[in-house]
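Remarks on the overall topology
The lines below spell out each chain.
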Amino acid sequence: MKKLCCFLVGILLAGTLAAGSVVKGRIVDAATNSPLQYVDVALFTQGSKNLTSGAVTDSLGVFKFPSVETGKYVVRITYIEYTTRNEPINVTGDSLDLGTLSLQVKTKNLGEVEVVGQAPQMRFDIDKKVFSVDQNITAAGGSATDILKNIPSVNVDTQGNISLRNNSNVEVWIDGKASGLTADNRAQVLEQMPAESIESVEIMTNPSAKYNPEGTAGIINLVMKKNHKAGYYGSVTAGLNYPLGGKIGKMLGAGINYTSSKMDAYLNIGYRAMNFQGGGYNDRNTFGTNSNTLLNQTSTMTNAFSGLFTRAGIDYHLDTKNTIGISGFGLMGSGNTSNNINYLLTNGNAYPPSVLRNYSRNNTGTGTRPSLNVNLDYQHDFDKKGSNLMANLSYSKHDRGSDTRYLQSDSLTGLHSDLSQRGDNSNKGLEFKVDYTGKMGENTKLEAGWQSNVNNAVSSSSGFDNLAQATIPSYFDNFNYDEQIHAAYLTYGSKFDKLSVQAGLRGEYMWKQSTNTTTGLVQTIAPKTYVELFPSLYLTYELPNNNEFQLNYSRRVNRPRGQEINPYHNYSDSTRITYGNPDLDPEFTSSMELNYIKTWGNQTLSASAYYHFTNNVIENVQFLHGGTLESTYLNVANSQNTGLELISKNRLFNILNLTTSLNGYYSKLDPAVYKNPYDASITTTIPGQSNLSWTGSILANVLMSKTFSGQVTARYSSPQIISQGLKQQKYSIDMGLRKTFMDRNLSVNLNVRDLLNSNKDKTTTSGAGFSQTSASYFHTRMVFLSVSYNFGNTKPKKAEMKKRQNEQELEQDDTEQ
């Protein structure tokens with residue numbers, strides 16, 4: 001440890017002695033003055049073609065070279081559909097601010113623009129990683145779920161459940177807003193959202209106090225496509241997909257963007273009709289003093305759904321300082337499912353084993369899932385330095401309705417049953433936010449804000465025996481959940497030479513109450529209130545030659561909701577009954593990370609060492625009751641996770657882009673004791689577990705010609721511990737090809753997902769009186785074919801450019817006065 005400390009101190013001292021000058025600037029559209037994100041900025045020594053350093057602009061259009069030696073250079077600014085700009089500079093030893101640099105859209109129609117090369121796949125900020133996905137070939141024609149499968153350290157299982165760094169407590173946002181997405185509904189929404197509507201994915205593993213602390217693993221933010229170039233731009237996409245052994249699915253989408261000096265507007269519509277073939281097995285051994293039985297269960301499943309996803313928005317610039325906007329998305333869809341399950345129960349004490357039961361069950365159902373999200377936005381810019389006030393009011397409503405029929409027959413006894421079940425779920429949420437950002441000088445920033453959330457969730461269920469023509473009392477349930485969260489935050493950041501410091505504190509008040517009604521019983525869960533503080537701290541140190549270190553800390557929370565707290569009993573599998581626990585408490589996580597970023601030429605490396613400590617861990621616990629396995633959620637213990645994440649971006653030979661990630665982590669779950677809900681005298685001890693695991697992925701883009709490119713994505717996850725067991729290893733490979741025509745306005749995409757047909761979830765679990773092995777998969781290998789056509793005219797209109805120029809001149813005169 002002493003040697004390591006000396007080594008780090010040596011690095012810091014060397015960095016201080018050899019530090020160069022900071023060169024920075026801001027890139028905007030010449031016609032609209034809007035900041036341009038993801039612009040490539042290269043630094044060349046004057047008179048040389050050798051690249052000295054490279055950078056990419058952030059969401060404010062800002063770029064920075066943290067350490068430039070004294071000398072004469074040329075800053076080359078390149079962006080698709082814009083004219084390349086070369087800016088000569090002279091670095092004398094002091095920091096150099098190039099100010100605002102504008103780019104002109106090429107004076108051609110879109111069809112005349114020729115772009116050779118590949119856009120960056122990934123960009124590193126010190127507080128987040130940004131992955132560009134608008135040119136993702138293996139996800140073409142797919143959904144947002146397919147996009148997330150290609151993001152390093154993000155895992156999506158066969159049921160659409162999302163985890164980040166092996167932690168499923170992650171928030172998924174759309175354009176910086178939660179949008180009402182929860183663990184219960186986001187799998188359906190993301191599966192219906194077209195991949196073509198997403199521009200990039202932002203990963204924030206340790207957000208500051210400015211952000212909602214929900215999600216102990218962090219935040220995944222989907223940034224939707226918006227065109228900020230003057231004029232209009234649109235696209236039309238159509239495609240087919242074929243799942244192995246299933247039916248052909250189809251998709252159709254269209255979108256258009258329009259930007260002028262006064263208005264930014266967009267409209268996207270996507271229709272998807274998909275069919276999936278899934279299945280699985282479960283082998284359960286139940287043992288006792290005088291009995292030993294083995295249950296073998298196999299299933300085949302067909303899922304089909306269709307729906308229309310619509311997204312629209314408009315921002316209106318009242319003047320150069322004030323903007324109002326309205327935006328939102330809606331989803332209308334329906335689906336049907338058929339699940340055939342075969343059961344064979346044998347007596348393990350007999351030899352050969354004798355058959356105790358042999359029966360089958362067919363579950364068929366239909367469902368609907370309408371969703372709506374509407375946002376009202378206002379922004380006031382105090383100056384061009386980034387000081388502003390933003391306010392947002394958001395309303396979301398996500399509903400689900402289902403009708404399911406259970407047909408069961410026993411081949412030994414000849415008995416059979418015919419049951420129906422109706423389920424309805426509705427989640428409504430209202431959110432109000434106001435955020436202030438004040439630039440107090442060149443290197444100091446103050447942020448403050450308020451956020452209020454009011455949410456309501458209602459779910460109901462009823463059952464009917466079709467043979468007896470009678471209702472089923474045990475199937476009736478009505479659960480009503482209300483919560484309010486009110487929060488205020490304050491962050492302050494400043495820079496001292498090469499050291500940047502940002503400290504923040506967020507205070508939250510939460511109130512929740514629920515009522516559960518069953519046949520003959522109304523149970524009101526007593527209201528609970530929580531007052532919690534969520535601090536954050538960021539320390540960043542810039543070293544010479546594009547090296548950067550950051551140490552950060554934050555506290556986050558996972559609040560149980562949805563199926564975790566809903567006591568409704570799910571009987572879709574008669575051998576495994578599942579239900580929630582309304583008495584669950586939140587789990588809290590303290591996170592610390594040490595991040596390092598190094599950039600040289602076309603290569604970038606990001607290393608993150610992290611440690612998470614979580615108390616009141618919420619786990620799914622299984623136990624036997626009357627010979628039937630039941631499953632619910634409990635606060636079981638504390639856990640610790642330590643890991644190292646490496647992500648590299650490499651551009652080789654101008655034709656190959658590689659994004660490689662490796663995440664190794666050590667997980668430890670403390671021992672826990674839980675009581676059987678039906679008999680408190682029966683306690684079960686869950687032994688402590690620890691596990692060293694790793695995941696890896698590689699995404700390779702190959703430019704075979706100006707109009708022909710390919711992509712390969714490979715993923716692997718080693719075995720991982722779960723409560724009462726282990727999740728087995730998993731791996732998969734996707735491949736895709738893209739050919740463009742008509743000056744790249746027309747593109748044809750062909751891709752194969754899960755090429756090896758290996759994307760299956762397998763687990764082994766055990767508890768008091770049982771052990772089991774299970775596997776499941778949602779779909780098999782799939783082939784996608786899609787065609788996209790782009791159209792538009794992003795040439796700036798002279799009248800608009802002149803008007804914007806006049807406005808800027810008037811604004812400058814007012815400022816000078």
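Residues numbered from 1 in each chain as written. Predicted model: local features only at pLDDT ≥ 70, side-chain atom pairs only at ≥ 80, totals over all residues. Heavy atoms only, no water.

On a plain count of helices and strands, the chain comes out with four helices and 45 strands. Relative to its full complement of 817 residues, the chain shows a buried share of 48%. A separation of at least 24 residues holds for 67% of the contacts in the chain among residues at least 6 apart in sequence. Accessible surface, the chain: about 36400 Å² in total, of which carbon and sulfur atoms supply 58%. (Helix = DSSP H or I, 4+ residues; strand = E, 2+ residues; numbered from the N terminus. Buried < 20%, exposed > 50% of the residue type's maximum accessible area, 1.4 Å probe, protein only. Contact = heavy atoms within 4.5 Å. Areas by Shrake-Rupley, 256 points an atom, 1.4 Å probe, with all protein chains shown as cover.)

Turning next to the sheet that holds strand S3 (residues 51-56). Strand order in this open sheet of four strands is S3-S2-S5-S6, and the pairing throughout is antiparallel. The sheet is open, and its two edges are formed by S3 and strand S6 (85-91), each paired on a single side. Strand-to-strand twist across the sheet, computed as the mean angle between neighbouring axes with direction ignored, equals 25°. Across five bridges, strand S2 (residues 40-45) lies against S3 in antiparallel orientation. Bridged to Asp40 within S3 is Val56. (Pairing = 2+ DSSP bridges. Axes fitted to C-alpha atoms, helices over the stretch in contact; angles between N-to-C directions.)

To continue, consider the sheet that holds strand S4 (residues 62-68). Reading across from one edge, S4-S1-S7 is the order of the three strands in this open sheet, with mixed pairing throughout. In this open sheet, the two edge strands, each paired with only one partner strand, are S4 and strand S7 (96-103). Averaged over all neighbouring strand pairs, the angle between strand axes comes to 20°, with direction disregarded.

Scanning the entire structure with this criterion turns up nine aromatic pairs. A centroid spacing of 4.8 Å and a plane angle of 40° characterise the contact between Trp694 and Tyr716, whose relative ring orientation is tilted. Of this pair, Trp694 sits in strand S37 (residues 689-705) while Tyr716 sits in strand S38 (residues 708-717); the two residues are 22 residues apart in sequence, bridging distant segments of the chain. The aromatic ring of Phe305 is capped on one face by Arg369, whose charged end is 4.5 Å from the ring centroid. (Phe/Tyr/Trp six-rings, centres within 6.5 Å; stacked < 30°, edge-to-face > 60°. Lys NZ or Arg CZ within 6 Å of the ring centre and 35° of its normal.)

Any region with low pLDDT has predicted coordinates that should not be read closely. Taken over all residues, the pLDDT of the chain has a mean of 83, while the share at 70 or more is 88%. Counted against residues more than four places away or in other chains, residues 107-120, with its pLDDT under 50, gives 33 contacts. Contacts for the low-pLDDT stretch residues 794-817, under 50 throughout, to residues beyond four places or in other chains number 35 contacts. (pLDDT = per-residue confidence, 0-100.)

A few words now on the pattern of salt bridges. Counting across every chain of the model gives 24 salt bridges. A salt bridge links Glu593 to Arg165, with the nearest nitrogen and oxygen atoms 2.9 Å apart. Here the residue Glu593 occupies a position in strand S31 (residues 587-600), and Arg165 occupies one in the loop between strand S11 (162-164) and strand S12 (170-174), the gap between them amounting to 428 residues. With a relative accessible area of 2%, Glu593 lands in the buried category. We note a salt bridge from Arg357 to Asp410, for which the minimum N-O separation is 3.3 Å. One end of the pair, Arg357, is in strand S20 (residues 354-368); the other, Asp410, is in strand S22 (residues 388-410), and 53 residues separate them in sequence. For Arg357, a relative accessible area of 32% translates into the label partly exposed. (Salt bridge = Lys/Arg side-chain N within 4 Å of Asp/Glu carboxyl O.)

This part takes up the nonpolar core. If you look at the biggest cluster of nonpolar residues, it comprises 30 residues, and the most contacted ones within it are Leu148, Ile162, Met193, Ile198, Val201, Ile220 and Leu222. Elements with a minimum of two residues in this core: helix H2 (144-148), strand S10 (154-156), S11, S12, helix H3 (186-192), strand S13 (198-204), strand S14 (218-224) and strand S19 (322-347). Apart from the residues within four sequence positions on either side, Leu148 is in contact with Val154, Val156, Ile162, Leu190, Val201, Ile220 and Leu222. In this structure, Leu36, Phe63, Val68 and Leu98 belong to the second largest nonpolar core, which totals 19 residues. (Core = buried A, V, L, I, M, F, W, Y, C linked by side-chain atoms within 4.5 Å.)

Residue Asp175 is not a glycine yet carries a positive backbone phi of 50°. Mapped onto the elements, Asp175 comes out in the loop between S12 and H3. The exposure class of Asp175 is partly exposed, given its relative accessible area of 27%. Phi at Asn616 is positive, roughly 60°, even though this residue is not glycine. Among the structural elements, Asn616 can be located in strand S32 (residues 603-625).

So, on to the environment of Asn552. Tracing the backbone through its elements, the reader meets Asn552 in strand S29 (residues 547-558). Distance in space between the C-alpha atoms of Asn552 and Ala503 is 9.6 Å, their sequence separation being 49 residues. With near-sequence residues (within four places) excluded, Asn552 lies in contact with Asn206, Leu537, Tyr538, Ser591, Met592, Glu593 and Asn595. One polar contact links Asn552 to Asn206, side chain to side chain, over a distance of 2.4 Å. (Polar contact = N/O pair within 3.5 Å; in protein donor to acceptor, adjacent residues only side chain to side chain.)

Note that strand S30 (residues 576-578) and strand S33 (residues 628-652) share three bridges and pair parallel. Each bridged residue has a counterpart across the sheet, and for Thr578 the counterpart in S33 is Ser631. The turn joining S32 and S33, which pair antiparallel and follow one another in sequence, is formed by two residues; a positive phi near 60° is taken by Gly626. With 14 bridges joining them, S33 and strand S34 (residues 656-669) adopt antiparallel strand pairing. From the neighbouring strand, Arg651 faces S34, where its bridge partner is Asn657. Where S33 hands over to S34, the hairpin turn is made up of three residues, of which Phe653 adopts a positive phi near 60°.

Our focus in this paragraph is the environment of Asp283. Positionally, Asp283 belongs in strand S17 (residues 263-287). Distance in space between the C-alpha atoms of Asp283 and Asn296 is 4.7 Å, their sequence separation being 13 residues. Excluding residues within four positions of it along the chain, Asp283 makes contact with Leu295, Asn296, Gln297, Ser771, Gln772 and Thr773.

The subject of this paragraph is the side chain of Asp418. Note that Asp418 resides in strand S23 (residues 416-439). Within the local environment of Asp418, its side chain forms a polar contact with the side chain of Arg405, the two groups lying 2.5 Å apart. Once residues lying within four places of it in the same chain are set aside, the contact partners of Asp418 are Arg405, Tyr406, Leu407, Phe464, Asp465, Asn466 and Leu467.

On to the pairing of strand S15 (residues 231-243), then. Where S15 lies against strand S16 (residues 249-259), eleven bridges are found, and the strand directions are antiparallel. Across the sheet, the residue bridging to Thr237 is Gly253, located in S16. Counting the residues in the hairpin turn of S15 and S16 gives five residues, including Gly245, whose phi is positive at 80°. As judged from the twelve bridges shared by S15 and strand S45 (residues 782-793), these two strands associate in the antiparallel manner. Looking at S45, one finds that Tyr233 is bridged to Gly792.

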